[in-house]
Structures are given as structure tokens and as C-alpha cells.
Amino acid sequence: MDLWLKIAIVLVIALAVYREILKSAKTASTRSIQTSKAGFMSIIGVGSVVGIFTYVGMSITWIETRDLRAYHPENSPQFVSLYERGVIELNDMVIKTNLARAGELAPLAEQLTQGCNRDDGCEAQKLFDYVTAIPYRTDYTSRNALTVVKSNWGDCDDKSNLFASLLNERGIDYRFVYVPHHVFVAVHINDTRNVPFLNAKLTIGGKDFYYAETTASGAKIGEFNGQFPYSFEGIYDMNKNKPEELSNVKFSIG
């Protein structure tokens, strides 16, 4: 449920309960025989309000999220729900991601990869070409992949969300790589015949993941984007919902 819709529903319920409490209290003051009933209704009403707001207080909170914009004030929190899909914890950071739901981008991914004949290298590069062609524009939050498609613009986390969501639809493995004020994708490819620029890669658990910088128009998978491992803040496996141990990650270029 949308965050603000949840808040609106809670407020409507709270007002309705409060109105009933006032009506019960008024009735009790004029009809003593109904005093016990009014008191009982008041207890139920107050208990309901307390229970609802306790739930909201637990599920909606101000938490400091890692912001990916280059010029954002330090320690500036975003309003997020702890139960919201895509909020992850990585090396003492809270990060808001926003991937599409399974199947939402399946038709688009199918259309973009026509002619690849299930060659994952071909598919990954065609998906990547689509994402990098989307105009770069900064915003104030991590936008959903479907929203990025509809608006036709996005920044590093927006476009990474979109690329990752498209890869999910084709069953291609990848990782999110976080560096200060930026995120990019590293994608695993089995068939590399149709991907000629495989220069920069990370080896994780015996699998090679090639750099994919979504903000660079016309970029190719495997092109180095200037990010060396010493600047990595963390690497996250979204499918397994867990971070990678950086000490087990091997970097190579060339």
C-alpha cells in the first residue's frame, strides 16, 4: 500500500473513532443507564486508535538513507517505510532501492532482446543500450524502474534499477556496486562472443561480473568507469538479498 494512502486511511479511522467516543460520552452524560456501555465503547475506541498508531509508528519512520546524489546535504534523511520493498542494509548504511516487480517489464525485455536467441551476452548488451540511451537527470529519491521507463529520464540509481529489473526478467545475474554518491551494475555473462569490450570485471564466487555504467550514453558492458575497488562502499546481491564480502571480490582490467 502506498505510504501516504496508508497515512490517510489511519487518519480517517482515527477521526471516526474519536467522533464515536464524543457521541458515547455525550450519551453517557444524559443517560446514566448507558454509562457502562459508553465507557466500554470508549475503551475499545481508544484501544483501537492506540493500536493503529503503534503499528504506523513501527512501520513508518524517519531513517537516514544513503543518498546517491553528488551534492546533497550530509545526514539528510528520506521518509521511508521499514516494510517498504527494496530497503536494504549494507555496511551500516540504509539504502533505498526500487526494482520493478516480477513480470512488470517482461514484455519490454522480450521486445528488446529479439534476435538474440537466448545469447545472454547479446541480451545484456541490448538491454544496456536501451538504458544508457535514456537521458540522465538527477532527482531526490530512488525511482521505480517502471517509472523511469514512462518518464524517460533518470540518474544513476534510477537507471541501475531499470537495468537490474530488465536483467531479472531475462534471468541474468548481476550485482549493485556502491561507491560514494554513485551506484553502478556489474553483470555476469556466460556467452561473451557478442560483447567485445569486456575490459573491467569483478570476480565473485568464481563468476565474472562485468562493469556496466548506466549513466554513460553509448557505453558498452565491460568498459571501465574509473571506479577502483578501494572506493567501493559495498556490493549487493539483490536476488539473494545479501551483501558480498569485499575481501572475496577480485578486480581485474584489460
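Residues numbered from 1 in each chain as written. Predicted model: local features only at pLDDT ≥ 70, side-chain atom pairs only at ≥ 80, totals over all residues. Heavy atoms only, no water.

## Concerning the overall build of the protein
No. 1: What the protein contains, in helices and strands, is six helices and 11 strands.
No. 2: In the protein, which comprises 254 residues, the proportion classed as buried is 44%.
No. 3: Nonlocal contacts in the protein, meaning residues at least 24 apart in sequence, comprise 60% of its contacts between residues at least 6 apart.
No. 4: In the form shown here, the protein has an accessible surface area of approximately 13,800 Å², with 56% of it arising from carbon and sulfur atoms. (Helix = DSSP H or I, 4+ residues; strand = E, 2+ residues; numbered from the N terminus. Buried < 20%, exposed > 50% of the residue type's maximum accessible area, 1.4 Å probe, protein only. Contact = heavy atoms within 4.5 Å. Areas by Shrake-Rupley, 256 points an atom, 1.4 Å probe, with all protein chains shown as cover.)

## Thoughts on the nonpolar core
No. 1: Counting 37 residues, the largest nonpolar core has F163, L167, Y174, F176, V187 and I221 as the members making the most contacts within it.
No. 2: With six residues, the single largest contributor to this core is helix α6 (residues 156-170).
No. 3: Once residues lying within four places of it in the same chain are set aside, the contact partners of F163 are A124, L127, F128, V131, V185, A212, T214 and I221.
No. 4: Among the nonpolar cores identified, the runner-up in size contains 12 residues, and L202, F209, Y211 and V249 belong to it. (Core = buried A, V, L, I, M, F, W, Y, C linked by side-chain atoms within 4.5 Å.)

## Here's the deal with the packing of aromatic side chains
No. 1: With the rule as written, the count across this model stands at 11 aromatic pairs.
No. 2: For the pair F176 and Y178, a centre-to-centre distance of 6.2 Å together with 85 degrees between the ring planes defines the contact as edge-to-face.
No. 3: When the ring of F224 is compared with that of F251, the centres are 6.0 Å apart and the planes differ by 50 degrees; the resulting orientation is tilted. Residue F224 is found in the loop between β8 (207-212) and β9 (234-237), and its partner F251 is found in strand β11 (residues 249-253); the two are separated by 27 residues along the sequence.
No. 4: For F251, a relative accessible area of 21% translates into the label partly exposed.
No. 5: An aromatic cluster is defined as three or more aromatic residues linked by ring pairs; in this entry it consists of F184, Y211, F224, F228, Y230, F232 and F251.
No. 6: In this structure, R137 packs its charged tip against the face of W153, placed 4.0 Å from the ring centre. (Phe/Tyr/Trp six-rings, centres within 6.5 Å; stacked < 30°, edge-to-face > 60°. Lys NZ or Arg CZ within 6 Å of the ring centre and 35° of its normal.)

## A few points about the state of the cysteines
No. 1: For the structure shown, the criterion picks out one disulfide.
No. 2: C116 shares a disulfide with C122; S-S distance 2.1 Å. On the sign convention where negative is left-handed, the bridge of C116 and C122, at about -65 degrees about the S-S bond, is left-handed. We note that C116, like C122, is buried. (Disulfide = S-S within 2.5 Å.)

## Some remarks on the confidence of the model for the protein
No. 1: Considering every residue of the protein, the mean pLDDT works out to 81; 70% of them sit at 70 or more.
No. 2: Of all helices and strands in the protein, the one with the weakest mean pLDDT is strand β1 (residues 60-63) (46), whereas helix α3 (residues 106-112) scores best (97).
No. 3: Between residues 60-67, whose pLDDT stays under 50, and residues either more than four places distant or in other chains, the model counts 36 contacts.
No. 4: Within the model, the stretch residues 69-73 combines pLDDT values under 50 with six contacts to residues more than four positions away or in other chains. (pLDDT = per-residue confidence, 0-100.)

## Notes on the sheet that holds strand β10 (residues 242-243)
No. 1: The strand order across the open sheet built from seven strands is β10-β9-β5-β6-β8-β7-β11, with neighbouring strands paired in antiparallel fashion. The open sheet has two free edges, formed respectively by β10 and β11, since each of these has just one partner strand.
No. 2: Pairing geometry for strand β7 (residues 200-204) and β8, over four bridges, is antiparallel. Looking at β8, one finds that I204 is bridged to K207. (Pairing = 2+ DSSP bridges.)

## Notes on the pairing of β7
No. 1: By the criterion of burial, β7 is predominantly enclosed, with four of the five residues buried.
No. 2: The sheet contact formed by β7 and β11 spans five bridges and is antiparallel. Bridge pairing links A200 to I253 in β11.
No. 3: A loop of two residues connects β7 with β8, the two strands running antiparallel in sequence, and G205 in this loop sits at a positive phi of about 60 degrees.

## A few points about unusual backbone geometry
Leaving glycine aside, a negative phi is the common case for residues, and trans is the common case for peptide bonds.
No. 1: Its identity as a non-glycine residue notwithstanding, H181 has a phi of 60 degrees, on the positive side.
No. 2: Its location among the elements puts H181 in the loop between β5 (174-179) and β6 (182-188).
No. 3: Of the residues examined, H181 reaches a relative accessible area of 43% and is grouped as partly exposed.
No. 4: Although it is not a glycine, N241 sits at a positive phi angle of roughly 55 degrees.
No. 5: Along the chain, N241 falls in the loop between β9 and β10.

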